[in-house]
Amino acid sequence: IAAAISKDGKYLASGNTNVEIFDLGQKKKIVSSKGHQNRITGIDWMPRRNLVATASGDGTVRIWNEKGDSVKTINSITGSPYSVVFTPDGKKMIVGMSNGKVKLYDTGNWKETDSVQSGSSLLNLKVDEMGKYILTSGDKGQLFLWNLKNHQPPRQLKGHTNNIYGVSFHPN
């Protein structure tokens, strides 16, 4: 199960194979929608718009509105989408693939604009609050820090030897 709270704190989106949206103020489920054929492994809310992105083992990323309508489907040709995040300005969507590929999409037209390889697999990714860095984690202790602004080669952070399932940036 994947879950994310909207940037304004009003909604919670969660997913297994269905997407469910909860109104946190009213404490009730307002949407339950089917769309994916396999489990949802990543979910995030788009800043400044009430859109939710879900990544699934069925090879798709889906964009949903707050009513639960699937408004866009992005089919993967290589690997399964495993993680999805938006940059803080909402202009880019970043999708981590199970094969280690990281894909960047322009949210104005939902077209892929760039991709980089992040090790042999990818288990999680995060974007910092300024939208400058991506942190990716994978199997065998793979942890990479990417600079989104200047496209420099990643900095590998070493120390772990096993799978890294969660990553986060310090708020400062």
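About the thresholds
Residues numbered from 1 in each chain as written. Predicted model: local features only at pLDDT ≥ 70, side-chain atom pairs only at ≥ 80, totals over all residues. Heavy atoms only, no water. Helix = DSSP H or I, 4+ residues; strand = E, 2+ residues; numbered from the N terminus. Buried < 20%, exposed > 50% of the residue type's maximum accessible area, 1.4 Å probe, protein only. Contact = heavy atoms within 4.5 Å. Polar contact = N/O pair within 3.5 Å; in protein donor to acceptor, adjacent residues only side chain to side chain. Patch = residues over 30% accessible without salt bridge, like charges linked within 9 Å, V, L, I, M, F, W, Y side chains within 5 Å. Areas by Shrake-Rupley, 256 points an atom, 1.4 Å probe, with all protein chains shown as cover. Salt bridge = Lys/Arg side-chain N within 4 Å of Asp/Glu carboxyl O. Lys, Arg positive; Asp, Glu negative; His and termini not counted. Charge placed at Lys NZ, Arg CZ, Asp CG, Glu CD. Pairing = 2+ DSSP bridges. Axes fitted to C-alpha atoms, helices over the stretch in contact; angles between N-to-C directions. 1 Å grid on protein atoms, 1.4 Å probe; cavity = no way out; pocket = protein on both sides within 12 Å on 5 of 7 lines; lining within 4 Å. Points joined across faces, edges and corners; volume = space filled by probe spheres on them.

## Overview of the side chain of Asp44
Next, step 1: Relative to the helices and strands, Asp44 is located in strand β5 (residues 40-45).
Next, step 2: Asp44 sits in the buried class, given a relative accessible area of 11%.
Next, step 3: Non-local contacts of Asp44, meaning those with residues more than four positions away in its chain, are made with Ala4, Lys7, Leu51, Val52, Ala53, Val84, Val85 and Phe86.

## Comments concerning the environment of Glu20
Next, step 1: Examined against the element boundaries, Glu20 turns out to sit in strand β3 (residues 18-23).
Next, step 2: Look past the residues within four positions of Glu20 in its chain and what remains in contact with it is Leu12, Ala13, Ser14, Lys29, Val31 and Ser32.
Next, step 3: A polar side-chain atom of Glu20 sits 3.3 Å from a polar atom in the side chain of Lys29.

## Points about a positive patch on the surface
Next, step 1: A surface patch of like charges, here positive, comprises Arg48, Lys91, Lys132 and Lys149.
Next, step 2: Looking at where Lys91 falls in the secondary structure, it is placed in the loop between β9 (81-86) and β10 (92-97).
Next, step 3: Relative accessible area serves as the criterion here: at 57%, Lys91 is assigned to the exposed category.

## A short note on the sheet that holds strand β11 (residues 101-106)
Next, step 1: Read from one edge of the open sheet, 4 strands run β9-β10-β11-β12, paired in antiparallel fashion. A strand with exactly one partner marks an edge of an open sheet, and here the two such strands are β9 and β12 (111-117). Across the sheet, the mean angle from the axis of one strand to that of its neighbour is 20 degrees, orientation sign disregarded.
Next, step 2: Taken together, the 6 bridges between β11 and β12 define a ladder with antiparallel strand orientation. Across the sheet, Asp106 pairs through a bridge with Lys111, a residue of β12.

## Focus: empty space enclosed by the protein
Next, step 1: Tallying each qualifying case throughout the model produces 1 cavity of 30 Å³ or more.
Next, step 2: Its volume calculated, the largest cavity comes out at about 50 Å³.
Next, step 3: As for the largest cavity, its lining consists of Val61, Ile74, Asn75, Ser76, Pro81, Val95, Met97, Lys103 and Tyr105.
Next, step 4: Among the secondary structure elements, those contributing two or more residues to the lining of the largest cavity are β8 (70-75), β10 and β11.

## What to know about the sheet that holds β5
Next, step 1: With antiparallel pairing, the 4 strands of this open sheet are ordered in space as β5-β6-β7-β8. Only two strands of the sheet have a single neighbouring strand rather than two, namely β5 and β8. Neighbour-to-neighbour, the strand axes of this sheet turn through a mean angle of 15 degrees, independent of strand direction.

Worth remembering: the numbers are spatial, not functional.
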